[in-house]
Amino acid sequence: MAVVVTIIALAVAVIIGAIVAGVRISRRNDAVWQNAAQTLGIEFVPSGTFKPRRMEGRVGTIDVVVDTYTESHGNSSAAYTRYRATYPDLGLGLKLQKQTGLHRFGKVFGMQDIEVGDEGFDDAVMIKGDEPDAVRSFLTPSRVIAIERLLGAFSGTTITDTDLVWRRRGVETNPQALVATTRRLAAAAGVIAAGSGVADRALTKQQTGDLAAAASELGDEIRGPGETDVETRMTGAVTLYAAGRRDEAAEVLRGLERDIPGDPEVAGWMRQTERRPSPSPAGDVDASALAQDLFGRDEMSYETMARFEDEYRGARVRWTGTVKEISSARDAAARRFVVGIGAATHDLYGRVSVDAVIDSPGGTAHLRRGDAIRFSGILATCDPLMRNVYLEDARIEA
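It should be emphasised that the depicted structure is a prediction, and the values quoted were computed from it without experimental measurement.

1. Topic: the packing of helix α12 (residues 287-295) against helix α13 (residues 301-311)
Next, step 1: It is the contact of α12 with α13, at a shortest axis distance of 9 Å, that shows an interaxial angle of 140°. As judged from the angle between their axes, α12 and α13 are oblique. Residues Asp293, Leu294 and Phe295 of α12 form the contact with α13, whose own contacting residues are Thr304, Arg307, Phe308 and Glu311.
Next, step 2: Looking at the contact of α12 with α13 residue by residue, the classes come out as three nonpolar, one polar and three charged.

2. Remarks on the side chain of Ser301
Next, step 1: Looking at where Ser301 falls in the secondary structure, it is placed in helix α13.
Next, step 2: Judged by relative accessible area, Ser301 falls into the buried class, the value being 13%.
Next, step 3: There is a polar contact of 2.8 Å between the side chain of Ser301 and the side chain of Trp269.
Next, step 4: Here Ser301 is in contact with Val238, Glu265, Trp269 and Pro384, once residues within four sequence places are set aside.

3. Focus: the pairing of strand β12 (residues 372-383)
Next, step 1: Most of β12 is tucked away: nine of the twelve residues are buried.
Next, step 2: Of the pairings in the sheet, the one linking strand β9 (residues 316-328) to β12 comprises seven bridges and is antiparallel in character. Bridging across to β12, Thr320 finds its partner in Arg374.
Next, step 3: Hairpin connection between β12 and strand β13 (residues 388-396): a loop of four residues separates the two successive antiparallel strands, and Arg387 in this loop has a positive phi of roughly 60°.

4. Remarks on helix α11 (residues 264-274)
Next, step 1: Every buried residue of α11 is listed here: Glu265, Val266, Gly268, Trp269, Met270, Gln272 and Thr273.
Next, step 2: On its buried face, α11 is in contact with α5 (141-153), α6 (175-194), α9 (230-242), α10 (246-259) and α13.
Next, step 3: Looking at where α11 begins, the residue whose side-chain oxygen comes 3.1 Å from the main-chain nitrogen of Glu265 is Asp263.

5. Some thoughts on the pairing of strand β5 (residues 95-98)
Next, step 1: Relative to strand β6 (residues 125-128), β5 runs antiparallel, the two being bridged by four bridges. Note that in β6 the partner of Leu96 across the bridge is Ile127.
Next, step 2: Bridge analysis of β5 against strand β7 (residues 158-160) gives three bridges, and the strand direction is antiparallel. Across the sheet, the residue bridging to Lys95 is Thr160, located in β7.

6. Considering the packing of aromatic side chains
Next, step 1: Applying the stated criterion to the full structure yields five aromatic pairs.
Next, step 2: For the pair Phe154 and Trp166, a centre-to-centre distance of 4.9 Å together with 70° between the ring planes defines the contact as edge-to-face. On the criterion of sequence distance, the pair formed by Phe154 in the loop between α5 and β7 and Trp166 in strand β8 (residues 163-169) is long-range, its members being twelve residues apart.
Next, step 3: Under the relative-accessibility criterion, Phe154 is labelled buried at 11%.

Scoring rules and cut-offs
Residues numbered from 1 in each chain as written. Predicted model: local features only at pLDDT ≥ 70, side-chain atom pairs only at ≥ 80, totals over all residues. Heavy atoms only, no water. Axes fitted to C-alpha atoms, helices over the stretch in contact; angles between N-to-C directions. Helix = DSSP H or I, 4+ residues; strand = E, 2+ residues; numbered from the N terminus. Parallel < 35°, antiparallel > 145°, perpendicular 65-115°, else oblique. Contact = heavy atoms within 4.5 Å. Nonpolar A, V, L, I, M, F, W, Y, C, P; charged D, E, K, R; others polar. Buried < 20%, exposed > 50% of the residue type's maximum accessible area, 1.4 Å probe, protein only. Polar contact = N/O pair within 3.5 Å; in protein donor to acceptor, adjacent residues only side chain to side chain. Pairing = 2+ DSSP bridges. Phe/Tyr/Trp six-rings, centres within 6.5 Å; stacked < 30°, edge-to-face > 60°.

Given below as structure tokens:
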């Protein structure tokens, strides 16, 4: 009998200990969430019996809700942290999410997937909507970049006419992560809802290879915290850096560090501005190999830039490719060419084309889109957003 009593007493002690520990953990997590809510300027609702903790309110122009919930999986269950950013109904019947092998299989049997004409985006994102033409018009360059960045950083995000939702397994206990994630998702939702005129103008220039003009378009608009949305400022920082305006990029990033502390992309680009790489370019750079090495990896844009600077910048290359775009260069006597040099296969974006951008002096008036050319030059910079590499001292040989 004494043994039974002892066992029962131990069991009761263990149960009480578990309850006390659970209460302590819950209170500690409530304190973390309350701190994050105060930083964001939104309301915090603590957890209770059958009531999950919750933050809700307006961040910028977007209503956000962050909560926790438990999901059953057969004989087990798991806790999740869920972020939801809502905006006025777009009226498009829109649903976007990262494309998976199951989606690709479904398309064989007629599953809807609207294509917008950007091969990387079309292969990466499953797009549904009521009116395909309306959806294509809606997906402007700034929205496309915001969605690509969103799905790259927050895989599993679903975007609809009224909201975007992302969840992570487990209860988030890092206040900086709560703040940064909420602000990034709210910023992305803001761009999806309203677009970004300055980013659209700049990205249109980048698409034609005019990186310097894109940087100028963005430069004066995005410096300092709070002046423009987080997504546009992040795009601007990357563009300024790629255009050689490192100090201005650092200034933008410092503002972003204040607004979204702990954000891994901001921190990575901040480190990039502080690096002083000593490139050791290979003697013979194959265009196809470079395309895959730079743009075929599952990594952030600052990692792509770091690899370019460490391994390729300064290399003299002699490549062949197909002319895709021709425009006037800054030097009135030169023409700018965007030349397809290869493709990369990426886990998120699928198979994407990679282009070289060159400004070539006179003697090229006869060239047209679709022409095959041989050219040479020195690798100067890359644009991770557009998957372009830029050559200086370039010459078209044939």
